[in-house]
Amino acid sequence: MPQIEIDVNGAHHSVPVEPRLLLVHLLRDKLELTGTHVGCDTSSCGACTVLLNGESVKSCTMFAVQADGSAVITIEGIGASDALHPMQEAFWKMHGLQCGYCTPGMIVSAVDLLRRNPDPSDDEIRAGIEGNLCRCTGYENIIRAVRSAAAALRNDESRHSVAELLPVGGSN
Ligand code: FES
Ligand code: FES
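The rules behind these values
- Residues numbered from 1 in each chain as written.
- Chains lettered and ligands numbered in written order.
- Predicted model: local features only at pLDDT ≥ 70, side-chain atom pairs only at ≥ 80, totals over all residues.
- Heavy atoms only, no water.
- Helix = DSSP H or I, 4+ residues; strand = E, 2+ residues; numbered from the N terminus.
- Buried < 20%, exposed > 50% of the residue type's maximum accessible area, 1.4 Å probe, protein only.
- Contact = heavy atoms within 4.5 Å.
- Areas by Shrake-Rupley, 256 points an atom, 1.4 Å probe, with all protein chains shown as cover.
- Lys, Arg positive; Asp, Glu negative; His and termini not counted.
- Charge placed at Lys NZ, Arg CZ, Asp CG, Glu CD.
- Expected span 1.5 Å × (residues − 1).
- Salt bridge = Lys/Arg side-chain N within 4 Å of Asp/Glu carboxyl O.
- Domains from an automatic or database assignment.
- Buried area = accessible area lost by both parts, 1.4 Å probe.
- Polar contact = N/O pair within 3.5 Å; in protein donor to acceptor, adjacent residues only side chain to side chain.
- Nonpolar A, V, L, I, M, F, W, Y, C, P; charged D, E, K, R; others polar.
- Pairing = 2+ DSSP bridges.
- Axes fitted to C-alpha atoms, helices over the stretch in contact; angles between N-to-C directions.
- 1 Å grid on protein atoms, 1.4 Å probe; cavity = no way out; pocket = protein on both sides within 12 Å on 5 of 7 lines; lining within 4 Å.
- Points joined across faces, edges and corners; volume = space filled by probe spheres on them.

1. Quick word on the overall build of the protein
Then, in step 1: Secondary structure summary: the protein contains six helices and five strands in total.
Then, in step 2: Along the first, second and third principal axes, the C-alpha atoms of the protein reach 45 × 35 × 25 Å.
Then, in step 3: Residues counted as buried form 45% of the 172 residues belonging to the protein.
Then, in step 4: For the protein, long-range pairs separated by at least 24 residues make up 58% of all intrachain contacts whose partners lie at least 6 apart in sequence.
Then, in step 5: Of the roughly 8400 Å² that the protein leaves accessible, carbon and sulfur atoms contribute 49%.
Then, in step 6: Distance from the positive charge centre (13 side chains) to the negative charge centre (21 side chains) of the protein: 6 Å.

2. A closer look at helix 4 (residues 103-116)
Then, in step 1: Look at helix 4: 20 Å from first C-alpha to last across 14 residues, which is about the 20 Å you get at 1.5 Å a residue.
Then, in step 2: Burial of helix 4 is extensive: twelve of the 14 residues sit out of reach of the surface.
Then, in step 3: Restricting attention to buried positions, one finds in helix 4 the residues Thr103, Pro104, Gly105, Met106, Ile107, Val108, Ser109, Ala110, Val111, Asp112, Leu113 and Leu114.
Then, in step 4: On its buried face, helix 4 is in contact with strand 3 (49-52), strand 4 (55-58), helix 2 (75-78), helix 3 (86-93), helix 5 (122-128) and helix 6 (140-155).

3. What about the pattern of salt bridges?
Then, in step 1: Scanning all chains against the criterion turns up seven salt bridges.
Then, in step 2: The partner of lysine 93 in a salt bridge is glutamate 89, with the nearest N and O atoms 3.1 Å apart. Placement of both lysine 93 and glutamate 89 in helix 3 is noted, with a separation of four residues, approximately one turn of the helix.
Then, in step 3: Salt bridges sharing common partners tie together Asp112, Arg115 and Arg116.

4. Topic: the domain arrangement of the protein
Then, in step 1: According to the domain assignment, the protein consists of domain 1 (3-78) and domain 2 (86-165).
Then, in step 2: Each of domain 1 and domain 2 was reduced to a C-alpha centroid, and the two centroids are 21 Å apart.
Then, in step 3: Taken together, the contact between domain 1 and domain 2 spans 17 residues of the former and 14 residues of the latter.
Then, in step 4: Interface of domain 1 and domain 2: buried area, both sides summed, is about 1300 Å²; carbon and sulfur atoms make up 59% of it.
Then, in step 5: Taken as a group, His37, Ile75 and Ile78 account for 35% of the area that domain 1 buries against domain 2, more than any other trio of residues on that side.
Then, in step 6: Our count for the domain 1 to domain 2 interface comes out at zero salt bridges.
Then, in step 7: In this assembly, domain 1 and domain 2 are joined by seven residue pairs in polar contact (both at pLDDT 80 or more).
Then, in step 8: Each residue belonging to the side of domain 1 that touches domain 2 can be placed in one class, and the counts come to seven nonpolar, eight polar and two charged.

5. A look at the sheet that holds strand 3
Then, in step 1: One open sheet accounts for five strands, arranged 2-1-5-3-4; its pairing is mixed. Each edge of the open sheet carries a strand with a single partner, namely strand 2 (11-16) and strand 4. Taking the axes of each pair of neighbouring strands and ignoring which way they run, one obtains an average angle of 40° across the sheet.
Then, in step 2: Most of the contacts of helix 1 (residues 23-30) go to strand 1 (residues 3-8), to which it runs at about 75°, and overall it touches strand 1, strand 2, strand 3 and strand 5 (71-73).
Then, in step 3: Those strands touched by helix 4 are strand 3 and strand 4, and its axis lies near 40° from that of strand 3.

6. Section: empty space enclosed by the protein
Rolled over the atoms, a probe sized like a water molecule indicates the empty space that remains.
Then, in step 1: Summed over all chains, the structure comprises one cavity of 30 Å³ or more.
Then, in step 2: Counted as a void, the largest cavity has a volume near 30 Å³.
Then, in step 3: What lines the largest cavity is simply His37, Val38, Gly39, Cys40, Cys45, Gly46, Cys48 and Cys60.
Then, in step 4: By residue class, the composition of the lining of the largest cavity is five nonpolar, three polar and no charged.

Following this line, the structure appears as structure tokens:
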């Protein structure tokens, strides 16, 4: 069985994996990071979104072996319950979630969007999260949340670079 080397939320793992194991199942089943969800079997819902080397990917669309040598950040690495990332705080304050199933992937995609575009228009926010489906909210509060997080991050002088949009423990 191939052995892969992977950094997840800043921690290094050396893990044997079946060649056909999907990255999402490595994260959930072997590393017990169950904040990354599986919402479909068609690569369309985005619930499984993580950051791979700083860019959002749907972790159900790639094999774990393809992430060999990579740095992954999951929702657990974005923030913690006692130290929410500004994006998590904005989703909470602006009611950007209901059942919460889509929320980890939605937040990861939104963090990636602001990394690339710190001041997105509403249309750019819609485009940035178009790969993430939400069955509950109607998206409007999610857009408000992303807009609010973007403003908070732009005003936060302690975060001087886009890299600092990335989370605690993030290595990229
Ligand atoms: S579980 Fe990956 S896109 Fe739906
Ligand atoms: S909050 Fe339920 S699917 Fe988005």
